[in-house]
Amino acid sequence: MKFWFKKNIGLLLAVIFTLVFIIAEGYALWFKGDATVGLVPLALLVVWLFVVRLETGFLLMTLLTPFAVNMALLPGMELSMPVEPMMILFTFIFFFRLLATRSYDPRLSRHPVTLLLLASLAWMAFTTITSEMPWVSIKYTLARVWFITPFFFAATQFFQNHSRIRQFFWAYAIGLGVVIFIATTKTLGNFSDLQTLHRVMKPFYNDHTAYGCVIALMLPAAFYFIFSHSMKGWRRVLSLALFAGLCIGLFFSYCRAAWISVVGAIGVYVLVRMGMKVKWMVILFGLGIGAFFVYQSDVLYKLGKNHQDSSYTLADQVKSISNISTDASNLERLNRWASALRMWKEDPVLGCGPGTYQFLYASYQRSYQLSTISTNAGNLGNAHSEYIGPMTEQGVPGVALVAMLFLTTFATGVRVYRTAKDPHTARMSLAFTLSLLTYYIHGVFNNFLDTDKLSVPFWGFTAVIVALDVYSEKNNYSIPNEKTHTVPSAPADLSGHADGPISPDIQG
């Protein structure tokens, strides 16, 4: 009997705990009408999974993120359930393992993208100290830490294995695909009601802009997987179905910024395929910005004559992109930007504090800039820009670090595409780089990195670029000069076809 107890101690403990929870759940339901006690065994199962199989827990979080919904656990405190508590648990376990084993690859910790990300987090923490609303900034900064830790610092190690990259992408894609199916089904029969079309993705995504943004982010990577050597037979059919579903979801999102970001990514893809260096792309972009400011009076005058509001028809929706005279969404975005710039001028170095813009901007609005959807409550989003927001909340150093991080990641991805010996690695790098580029472009008009919905794929894709750079084998080439001009072998394009000669680009 004693031997039997020793052999089956695990089974006995499981039975005892199960009986305890059944009794507790029955009591809670009968006397309190509360069923939350039944979640305790599920929570313990998640804890066990994270302790024993951290990578599996990582993929589970990714799969559940598209289905997560915000819930107010305490007054004034919302968490995205069930994902954010899992992220917090994952972060604690990851740092505990890191301190215990000291096994983090130094090549990852010394990578320029990692260093810039750490510098950005450090500056965010510093501006939290000087924040006008310290508790808001502390919560905002901590949330950024538990968004980044699993999906960048841990993911870069996981992604040493390419199969983990595919699993990560498909975990999020499957969840998003289900949401797209639900949203598209709700869209049928409501084509003429634009307000309904803007809400069909709820409660999974707060509005159509975040929904369209994440679909655009997934599109280039999804296109790559159609032609990936790992996708054969039914897997390729599934990849085609996913890509088609993403295209349908993007169209019915009626998110103009998402459409622009995809067109911009296609344009940059052409430039990369032509062999243009990253520095020339940056210069070209800078010249475009400069031309706008030189001729801004003429441009704004012509834009002011456009009175086409948002519409459910594609042609009218495209025309409304440049309407800054009557379109409520565009007017409100300009109002938020103007308010942010007025706030920034008061403290251009340190800013008002991370996460505080939406609670402070009301008094900086001007009556002549208000739109029909303007509010003083701070409940309809923040600065509507991934660049102006950090500038207002963290000053010039904050936005400089964000811009440098994005540019360095993009340059790294292009460099891997042009130097990787394995053509599959090269194509994967370009695909995920273009995916990130859609967010860099979309970030001009909106900012979503304070949410789990966009942080998971964004930081995960950034980790893919860093992992491919660190762990992939590169072609050797020298700097072209009068005597030598060694060109690496040309990688194939996203569809798997051979490319023409590409000039080396040591800047990325």
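Please read all numbers here as calculations on a predicted model, not as lab measurements. (Residues numbered from 1 in each chain as written. Predicted model: local features only at pLDDT ≥ 70, side-chain atom pairs only at ≥ 80, totals over all residues. Heavy atoms only, no water.)

## Focus on helix α12 (residues 234–253)
Taking 1.5 Å of rise per residue, the 20 residues of α12 would be expected to cover 28 Å, and the 28 Å separating its terminal C-alpha atoms lies within 8% of that figure. Of all the residues in α12, the buried ones are Ser 239, Leu 242, Leu 246, Gly 249, Leu 250, Phe 252 and Ser 253. Seen from one end, α12 has its buried residues packed into an arc of 165 degrees, which puts them on one side. Projecting away from the buried face of α12 at angles above 90 degrees are the exposed residues Trp 234 and Val 237. (Helix = DSSP H or I, 4+ residues; strand = E, 2+ residues; numbered from the N terminus. Expected span 1.5 Å × (residues − 1). Buried < 20%, exposed > 50% of the residue type's maximum accessible area, 1.4 Å probe, protein only. Arc of directions from axis to C-beta.)

## Things to note about the packing of aromatic side chains
Taken as a whole and assessed by the stated rule, the structure comprises 35 aromatic pairs. Ring plane angle 85 degrees and centroid distance 5.9 Å describe the contact between Phe 50 and Phe 90, whose orientation is recorded as edge-to-face. Residue Phe 50 is found in helix α3 (residues 39–52), and its partner Phe 90 is found in helix α5 (residues 83–101); the two are separated by 40 residues along the sequence. A ring pair is formed by Phe 168 and Phe 461, whose centres lie 6.2 Å apart and whose planes are at 80 degrees; its orientation type is edge-to-face. (Phe/Tyr/Trp six-rings, centres within 6.5 Å; stacked < 30°, edge-to-face > 60°.)

## Some remarks on the pattern of salt bridges
With the rule as written, the count across this model stands at five salt bridges. Across the pair Glu 332 and Arg 336 runs a salt bridge whose closest N-O atoms are separated by 2.6 Å. One end of the pair is Glu 332 and the other is Arg 336, both in helix α17 (residues 328–346) and four residues apart, which spans about a single turn. Owing to a relative accessible area of 4%, Glu 332 belongs among the buried residues under this scheme. A relative accessible area of 1% places Arg 336 in the buried class. (Salt bridge = Lys/Arg side-chain N within 4 Å of Asp/Glu carboxyl O.)

## Digging into unusual backbone geometry
With the exception of glycine, most residues fall at negative phi, and the peptide bonds are largely trans. Going from Met 81 to Pro 82, the amide bond is cis rather than trans, its omega being 5 degrees. For Pro 82, the position within the fold is in the loop between β2 (77–81) and α5. In this chain, Lys 202 is followed by Pro 203 through a cis amide linkage whose omega measures 5 degrees. Residue position: Pro 203 is located in the loop between α10 (194–197) and α11 (208–227). Notably, Tyr 254 is not glycine yet its phi reads approximately 50 degrees, a positive angle. Here Tyr 254 shows up in the loop between α12 and α13 (256–273). Relative accessible area serves as the criterion here: at 3%, Tyr 254 is assigned to the buried category. Located in the positive-phi region is His 384, a residue other than glycine, with phi close to 55 degrees. Tracing the sequence through the fold places His 384 in the loop between α18 (357–360) and α19 (388–419). For His 384, a relative accessible area of 17% translates into the label buried.

## Structural notes on the side chain of Thr 91
Tracing the backbone shows Thr 91 in helix α5. Contact partners of Thr 91, with chain neighbours within four places excluded, come to Trp 146, Thr 149 and Pro 150. (Contact = heavy atoms within 4.5 Å.)

## Observations concerning the layout of surface pockets
Taken as a whole, the second largest pocket spans an internal volume of roughly 440 Å³. Surrounding the second largest pocket, 14 residues form its lining, Leu 42, Ala 43, Val 46, Met 81 and Pro 82 being those nearest its centre. The set of elements that each furnish at least two residues to the lining of the second largest pocket consists of α3, α4 (54–64) and α5. Of all the elements, α3 adds the most residues to the lining of the second largest pocket, at six residues. Here the lining of the second largest pocket is composed, by residue class, of 14 nonpolar, no polar and no charged. (1 Å grid on protein atoms, 1.4 Å probe; cavity = no way out; pocket = protein on both sides within 12 Å on 5 of 7 lines; lining within 4 Å. Points joined across faces, edges and corners; volume = space filled by probe spheres on them. Nonpolar A, V, L, I, M, F, W, Y, C, P; charged D, E, K, R; others polar.)

## Quick look at the confidence of the model for the protein chain
Do not read the fine detail of predicted coordinates wherever pLDDT is low. Per-residue confidence for the protein chain gives a mean pLDDT of 81; residues scoring 70 or more make up 75%. Across the protein chain, element-level confidence peaks in helix α7 (residues 112–129) with a mean pLDDT of 96 and bottoms out in helix α15 (residues 296–304) with 49. Confidence drops under a pLDDT of 50 for residues 305–309, and excluding neighbours within four residues, the segment shows 16 contacts in the predicted structure. Considering only residues more than four positions removed or in separate chains, one finds that residues 497–508, a stretch of pLDDT under 50, has 37 contacts. (pLDDT = per-residue confidence, 0-100.)

## Description of the nonpolar core
Among the nonpolar cores identified, the biggest contains 112 residues, and Phe 159, Phe 169 and Phe 432 are the most heavily contacted of them. Counting residues in each nonpolar core, the second largest holds 12 residues, with Met 343, Tyr 361, Tyr 364 and Met 391 among its members. (Core = buried A, V, L, I, M, F, W, Y, C linked by side-chain atoms within 4.5 Å.)

## Considerations on the packing of α13 against helix α20 (residues 423–442)
The N-to-C vectors of α13 and α20 enclose an angle of 135 degrees; their axes lie 8 Å apart at closest approach. The angle between α13 and α20 places the two elements in the oblique class. As α13 packs across α20, the resulting crossing turns out to be right-handed. Listed contacts from α20 to Ala 257, Ala 258, Ile 260, Ser 261, Val 262, Gly 264, Ala 265, Val 268, Tyr 269 and Val 272 of α13 are Leu 430, Leu 434, Leu 437, Thr 438, Ile 441 and His 442. In terms of residue class, the contact of α13 with α20 is built from 12 nonpolar, four polar and no charged. (Axes fitted to C-alpha atoms, helices over the stretch in contact; angles between N-to-C directions. Parallel < 35°, antiparallel > 145°, perpendicular 65-115°, else oblique. Left-handed = near helix turned anticlockwise from the far one by under 90°.)

## Considerations on the environment of Thr 62
Relative to the helices and strands, Thr 62 is located in helix α4. When its relative accessible area of 0% is taken as the criterion, Thr 62 is described as buried. C-alpha separation for the pair Thr 62 and Phe 168, spaced 106 residues apart in sequence, amounts to 6.9 Å.

## Side note on a nonpolar patch on the surface
Residues Leu 42, Leu 45, Val 47, Trp 48, Val 51 and Val 52 make up a contiguous nonpolar surface patch of about 560 Å² in total accessible area. A relative accessible area of 48% means that Val 51 is categorised as partly exposed. (Patch = residues over 30% accessible without salt bridge, like charges linked within 9 Å, V, L, I, M, F, W, Y side chains within 5 Å. Areas by Shrake-Rupley, 256 points an atom, 1.4 Å probe, with all protein chains shown as cover.)

## Let's talk about the packing of α4 against helix α9 (residues 162–187)
As a packed pair, α4 and α9 sit with axes 7 Å apart at the nearest point and diverge in direction by 30 degrees. Judged by the angle between their axes, α4 and α9 are roughly parallel. Listed contacts from α9 to Glu 55, Phe 58, Leu 59, Thr 62 and Leu 63 of α4 are Arg 164, Gln 167, Phe 168, Ala 171, Tyr 172, Ile 174 and Gly 175. Here the contact of α4 with α9 is composed, by residue class, of seven nonpolar, three polar and two charged.

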